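The residues making up each chain are set out below.
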Amino acid sequence: MERVLIFGNTPESRSTARMLRQRGRQIVMSVTSEYARSLLPPGTICHVGKLDADGMLDYIRSVAPHRIVDATHPYAVAASQNIERAARELGIPCEQVQFDNIENAWRESVEWVDTHEALINAIVREKGNMLLGIGRDPLLPIPLDTNMTRLFPRITPTPEAVAACLELGYPKGNIIAMDGPFSKELTMALFDDKKITGVVVRDATDKSYLHEMVVPALERGIHVVMYGRK
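None of these values were measured; they are calculated from a predicted model.

Parameters and conventions
Residues numbered from 1 in each chain as written. Predicted model: local features only at pLDDT ≥ 70, side-chain atom pairs only at ≥ 80, totals over all residues. Heavy atoms only, no water. Helix = DSSP H or I, 4+ residues; strand = E, 2+ residues; numbered from the N terminus. Rg over C-alpha atoms; globule rule 2.2 N^0.38 Å. Buried < 20%, exposed > 50% of the residue type's maximum accessible area, 1.4 Å probe, protein only. Contact = heavy atoms within 4.5 Å. Areas by Shrake-Rupley, 256 points an atom, 1.4 Å probe, with all protein chains shown as cover. Pairing = 2+ DSSP bridges. Axes fitted to C-alpha atoms, helices over the stretch in contact; angles between N-to-C directions. Phe/Tyr/Trp six-rings, centres within 6.5 Å; stacked < 30°, edge-to-face > 60°. Parallel < 35°, antiparallel > 145°, perpendicular 65-115°, else oblique. Left-handed = near helix turned anticlockwise from the far one by under 90°. Nonpolar A, V, L, I, M, F, W, Y, C, P; charged D, E, K, R; others polar. Polar contact = N/O pair within 3.5 Å; in protein donor to acceptor, adjacent residues only side chain to side chain.

(A) Structural view of the overall build of the protein chain. A tally of helices and strands in the protein chain yields eight helices and 11 strands. A compact globule built from 230 residues should have a C-alpha radius of gyration of about 17 Å, and the protein chain, at 19 Å, falls within 12% of that. Dimensions of the protein chain, computed from the C-alpha atoms along their principal axes, are close to 60 × 35 × 30 Å. By the burial criterion, 48% of the 230 residues in the protein chain qualify as buried. Counting contacts in the protein chain only where the partners sit at least 6 residues apart, residues at least 24 apart contribute 61% of the total. Summed over its atoms, the accessible surface of the protein chain is roughly 11700 Å², and 52% of this surface lies on carbon and sulfur atoms.

Spelled out as structure tokens, the structure:
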């Protein structure tokens, strides 16, 4: 049976998997978050987590697929380059899914939540470090059994906001108190310094905010939780 390895957290990756499965192919998926895994049919063979260039090569070699499909979103340029490079080195055919509407592709690449309860569930579910930047509601009560050392609230630099963070149990060293706007370069440096694997943002209808926070996260393979209505 032909084994196909599909990369991506997109609707295109899931529809491609369904189509190939119906044609009798064995499907292996690679996604970057537990949320993306939850969208797959139960029992799907799946790798969860980001892969650097060496990790990508080792993973593809271990799966030994007959074919690779790159269905990552259009912002995942580095991931696509690593996939293509590894496939070429291993001599495995690789095809890339084309997106019709790149301008709005981000909307299908993030997790949308529209209640505080759903937002808390998303924060608790993710196990890595998370940057919490949701504007006027940045200080949410988090369940007591949560590891607060992995949460980094980004707040307005006021004594009241800092005091509220401390009262809710956020470690003092995790509080990022600064005024925007924030450049893309600063945001990416923050992601790297704090080893961020997930971010929470308010509905990014403002394009400048979209490009200073959401797109940089997607480019780094960071899971984005969007608090608002899709």
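(B) Summary view of the sheet that holds strand β2 (residues 26–31). Reading across the sheet, the five strands line up as β3-β2-β1-β4-β5 and stay open at both edges, with parallel pairing between neighbours. Whereas interior strands pair on both sides, the edge strands pair on one side only; in this sheet they are β3 (45–48) and β5 (94–96). Pairs of neighbouring strands in the sheet enclose a mean axial angle of 20 degrees, with direction left out of account. Pairing analysis gives four bridges linking β2 to β3, with the strands arranged parallel. From the neighbouring strand, Val 28 faces β3, where its bridge partner is Ile 45. Of the strands in this sheet, β1 (3–7), β2 and β4 (67–70) are in contact with helix α1 (residues 11–22), which crosses β1 at around 170 degrees. Where helix α3 (residues 53–63) meets the sheet, its contacts fall on β1, β2, β3 and β4, and the angle it forms with β1 comes to roughly 155 degrees.

(C) Expanded view of the packing of aromatic side chains. Applying the stated criterion to the full structure yields one aromatic pair. Plain terms: the ring middles of Phe 7 and Tyr 59 are 6.4 Å apart, the flat faces sit at 80 degrees to each other, and that makes the pair edge-to-face. Taken together, the residues span a long stretch of sequence, with Phe 7 in strand β1 and Tyr 59 in helix α3 at a distance of 52 residues. With a relative accessible area of 3%, Phe 7 lands in the buried category.

(D) The packing of α3 against helix α4 (residues 77–90), seen in detail. Two numbers describe how α3 lies on α4: the axes approach to 9 Å, and their chain directions differ by 50 degrees. Taken together, the axes of α3 and α4 lie oblique to each other. Here α3 and α4 pass one another in a crossing that is right-handed. Each of Ala 53, Met 56, Leu 57, Ile 60 and Arg 61 in α3 lies in contact with α4, whose residues at this interface are Ala 79, Asn 82, Ile 83, Arg 85, Ala 86, Glu 89 and Leu 90. Residues of the contact of α3 with α4, tallied by class, amount to eight nonpolar, one polar and three charged.

(E) Region of the structure containing the side chain of Thr 187. Within the secondary structure, Thr 187 sits in helix α7 (residues 184–194). Residue Thr 187 is classed as buried on the basis of its relative accessible area, which comes to 2%. What Thr 187 contacts, discounting residues up to four positions off in sequence, is Arg 154, Phe 182, Glu 212, Met 213 and Pro 216.

(F) Spatial organisation of unusual backbone geometry. Backbone geometry places Ala 64, a non-glycine residue, at a positive phi of 55 degrees. Among the structural elements, Ala 64 can be located in the loop between α3 and β4. Positive phi, close to 55 degrees, is recorded for Lys 195, a residue that is not glycine. Looking at where Lys 195 falls in the secondary structure, it is placed in the loop between α7 and β10 (196–202). On the basis of relative accessibility, which here comes to 61%, the residue Lys 195 falls in the exposed class.

(G) Structural detail: the sheet that holds strand β8 (residues 151–155). Pairing in this open sheet of six strands is parallel, and the strands run β6-β11-β10-β7-β8-β9 from one edge to the other. For this open sheet the edge positions go to β6 (111–113) and β9 (176–177), each flanked by a neighbour on one side alone. Bridging between β6 and strand β11 (residues 223–227) involves three bridges; their strand directions are parallel. Bridging from a neighbouring strand, Val 113 pairs with Tyr 227 of β11. The strands that α7 touches are β7 (129–133), β8, β9 and β10; relative to β10, the one it contacts most, it runs at about 135 degrees.

(H) Region of interest: α3. Those residues of α3 lying buried are Gly 55, Met 56, Leu 57, Tyr 59, Ile 60 and Val 63. Between the side-chain oxygen of the N-cap and the backbone nitrogen of Asp 54 there are 3.3 Å, and the N-cap of α3 in question is Asp 52.

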